[in-house]
Amino acid sequence: MEFKQLSYDLKELDDTKGVVVAYANVYNFKDSDGDVSAFGSFDKTVTENFKRIRVLKDHNPTMMIGVPLSINTKDSYGLLTTSKFNLNKSLGKDMFTDIKLMHESGLNAELSIGYKVMQRDQKDKSIIKEYKLMEY
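All figures in this text were calculated on a predicted structure; none of them were measured in a lab. (Residues numbered from 1 in each chain as written. Predicted model: local features only at pLDDT ≥ 70, side-chain atom pairs only at ≥ 80, totals over all residues. Heavy atoms only, no water.)

**Some thoughts on the pattern of salt bridges**
Now for step 1: Using the criterion set out here, one finds 5 salt bridges in the structure.
Now for step 2: With its nearest N and O atoms 3.1 Å apart, the salt bridge here joins Asp58 to Lys57.
Now for step 3: One salt bridge in this structure joins Glu104 and Lys100, with 3.9 Å as the shortest N-O distance. Highlighted residues: Glu104 and Lys100, both in helix H2 (residues 90-104), separated by 4 residues, approximately one helical turn.
Now for step 4: Salt bridges sharing common partners tie together Asp15, Lys100 and Glu104. (Salt bridge = Lys/Arg side-chain N within 4 Å of Asp/Glu carboxyl O. Helix = DSSP H or I, 4+ residues; strand = E, 2+ residues; numbered from the N terminus.)

Printed below as a string of structure tokens:
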């Protein structure tokens, strides 16, 4: 499994419900690894594996902090996630309050994805056409 870390503004934060709406990846943007995520590159994985995708702290499968409520692959900007943090668990509550503090302080909360590349463009290998998303 590989990881990509991205820094984007949150779209929405609901501290009464512990819900965060944010982009986990963006389309048509060359990232720090030199890769470009094509529009539609997450369609298959989200459709087929949504119930297996997790929200983890530091990509650690023993540190689940929440669950995805929805993952919108059709947003024109990028992979738009709506996540519910487990506020009944100290790890989830701590992570949520850290994200809230960063957001209120004008800082970007960084999201990252755990994935495998399933298909690259044959003409331009920097373009990823299909991901297998395991977690973010």
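The rest of the description comes next.
**Focus on unusual backbone geometry**
Now for step 1: Despite not being glycine, Asn28 shows a phi value in the positive range, around 55 degrees.
Now for step 2: With respect to the secondary-structure elements, Asn28 resides in the loop between strand E3 (19-26) and strand E4 (36-37).
Now for step 3: One non-glycine residue, Asp58, lies in the positive phi region at around 55 degrees.
Now for step 4: Inspection of the secondary structure puts Asp58 in the loop between strand E5 (55-56) and strand E6 (64-72).

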